[in-house]
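# Observations on the three-dimensional arrangement
Residue strings, one per chain:
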Amino acid sequence: MERPAGATHSRGIVTEQLFDPWVIFVVGALMTIGVVMVYSASVTLAGASFSLEALWDSPLKQSIFALVGFFAMLFAAHLDYRIFAMTRSSKAWVIGAILLFAVSLTCMGLLIPDANTTRLASQRALTIRAGGFSISFQPAEFAKLALVICVSAVLTRPGALGGGRAPGSPGALQFWQGFAPAVAIGGILVGLTGIADFGTAALMGVVFFSLLIVGRARWSQLGLVILAGCAAAAVLVIIEPYRVKRLLTFAGKESDPLGSAYQVTQSLIAIGSGGWWGRGLGAGVQKYGYLPQDNNDFIMAIICEELGFVGGAVVVFLFLAMLMRGWLISSRAGDEFGRLMAIGVTLTICVQAAFNIGVVTQSLPTKGISLPFVSAGGSG
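What counts, and where the lines are drawn
Residues numbered from 1 in each chain as written. Predicted model: local features only at pLDDT ≥ 70, side-chain atom pairs only at ≥ 80, totals over all residues. Heavy atoms only, no water. Phe/Tyr/Trp six-rings, centres within 6.5 Å; stacked < 30°, edge-to-face > 60°. Helix = DSSP H or I, 4+ residues; strand = E, 2+ residues; numbered from the N terminus. Contact = heavy atoms within 4.5 Å. Buried < 20%, exposed > 50% of the residue type's maximum accessible area, 1.4 Å probe, protein only. Salt bridge = Lys/Arg side-chain N within 4 Å of Asp/Glu carboxyl O.

## Some remarks on the packing of aromatic side chains
Each pair of aromatic rings is reported with the distance of its centres and the angle of its planes. Considering all chains together, one arrives at 7 aromatic pairs under this definition. Aromatic pair Phe70 and Phe71: ring centres 6.3 Å apart, planes at 90 degrees, arrangement edge-to-face. Geometrically, the ring pair formed by Trp276 and Phe309 is edge-to-face, given 5.0 Å between the ring centres and 75 degrees between the ring planes. Residue Trp276 is located in the loop between helix 9 (262-274) and helix 10 (299-331), and its partner Phe309 is located in helix 10; the two are separated by 33 residues in the primary sequence.

Right, here's the structure in full:
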């Protein structure tokens with residue numbers, strides 16, 4: 001009998017470790033940094049006087065989001081992830097329900113004009129209103145999780161892998177039993193997400209491709225995915241003029257510091273002005289109307305401006321620690337589904353962080369993608 005993920009031995013008795021304490025520490029540290037820096041980035045010259053509305057819009061709301069998210073994580077740690085595994089065909093309805101719910105949420109965000117909240121030329125948030133109460137969230141956040149669960153389940157279901165050369169060893173991914181269903185799921189979720197949010201779709205594409213590699217896809221199968229992915233990415237970029245402009249700005253074709261390159265220029269100014277140790281917590285200048293999205297997509301620039309290179313390096317180190325612990329957890333998983341789930345969730349968090357930092361430092365084209373656990377907002 002295989003041990004569950006994280007299981008340990010104690011005098012011959014198998015005990016199950018529900019969560020990794022280092023992951024809890026890293027996530028808690030990142031959330032704490034996020035609450036502090038979102039509050040700092042939200043301070044403006046106009047907000048010097050006390051206001052309950054201003055209090056809710058900056059530190060209080062972010063603190064509640066972080067607290068709810070932290071306890072939701074602890075609750076999820078006590079759930080048995082194997083309830084999502086397709087160990088038998090009768091459990092396929094679970095994966096089907098998750099996929100249907102993710103697709104429905106994404107389509108609602110695209111097709112219901114009154115529910116869309118448009119920000120920076122892209123429609124990503126779905127707002128539900130009931131009387132005077134409203135709640136806004138991003139369907140792409142659920143789509144990211146659904147992608148990892150559904151693809152991991154399909155790649156590890158019975159018959160997905162053919163027999164290996166050695167007796168009893170796993171073989172390559174079978175086309176119709178494993179590869180084709182996984183590509184169908186990935187294509188639907190990534191494609192629908194990419195219509196409104198190209199940055200998140202690119203992230204999901206990287207995670208999906210990584211799961212195929214870990215799931216023992218053949219080289220020919222990976223080649224097909226690369227060709228299809230490049231074609232889909234080109235179409236998604238061309239259909240939105242602002243995406244083309246972002247690519248041209250990144251390539252240096254449009255370098256107007258007051259136009260298309262304004263945001264990333266201000267980001268680099270913030271990072272450069274911080275030096276090694278920063279201007280001091282709360283002493284940043286770019287947050288006073290110079291850097292758009294300073295408390296969300298470009299929060300890393302504010303961190304570097306106020307806490308310097310050292311503060312930015314601490315954040316990077318925490319995400320690297322998350323990556324290492326996630327990889328270690330996946331290697332200790334007691335089953336193949338748990339291994340793919342651990343890798344998928346870890347890469348979703350860490351690759352998103354890499355994308356965000358790459359955008360802030362102009363190492364990647366500008367995309368609307370937040371820094372996990374740190375940026376303002378509750379969905380992530």
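## Regarding the environment of Ala201
Mapped onto the secondary structure, Ala201 falls in helix 6 (residues 198-214). The sequence separation of Ala201 and Ala143 amounts to 58 residues, and the corresponding C-alpha distance is 9.6 Å. Apart from residues lying up to four places away in sequence, Ala201 is in contact with Val190, Thr193 and Gly194.

## Focus on unusual backbone geometry
With a phi angle near 55 degrees, Gln293 is a residue other than glycine that sits in the positive phi range. By relative accessible area, Gln293 is classed as partly exposed at 28%. Residue Phe373 is not a glycine yet carries a positive backbone phi of 70 degrees. When you line up the elements, Phe373 lands in the segment after helix 11 (336-360). Given a relative accessible area of 24%, Phe373 falls into the partly exposed group.

## Remarks on the pattern of salt bridges
Evaluated as defined, the whole model comprises 7 salt bridges. A salt bridge links Glu306 to Lys287, with the nearest nitrogen and oxygen atoms 3.1 Å apart. Taken together, the residues Glu306 in helix 10 and Lys287 in the loop between helix 9 and helix 10 connect sequence positions 19 residues apart. Per residue, the accessibility class of Glu306 equals that of Lys287, and both read buried.

In short, the description is geometric, and any link to function would need to be established separately.
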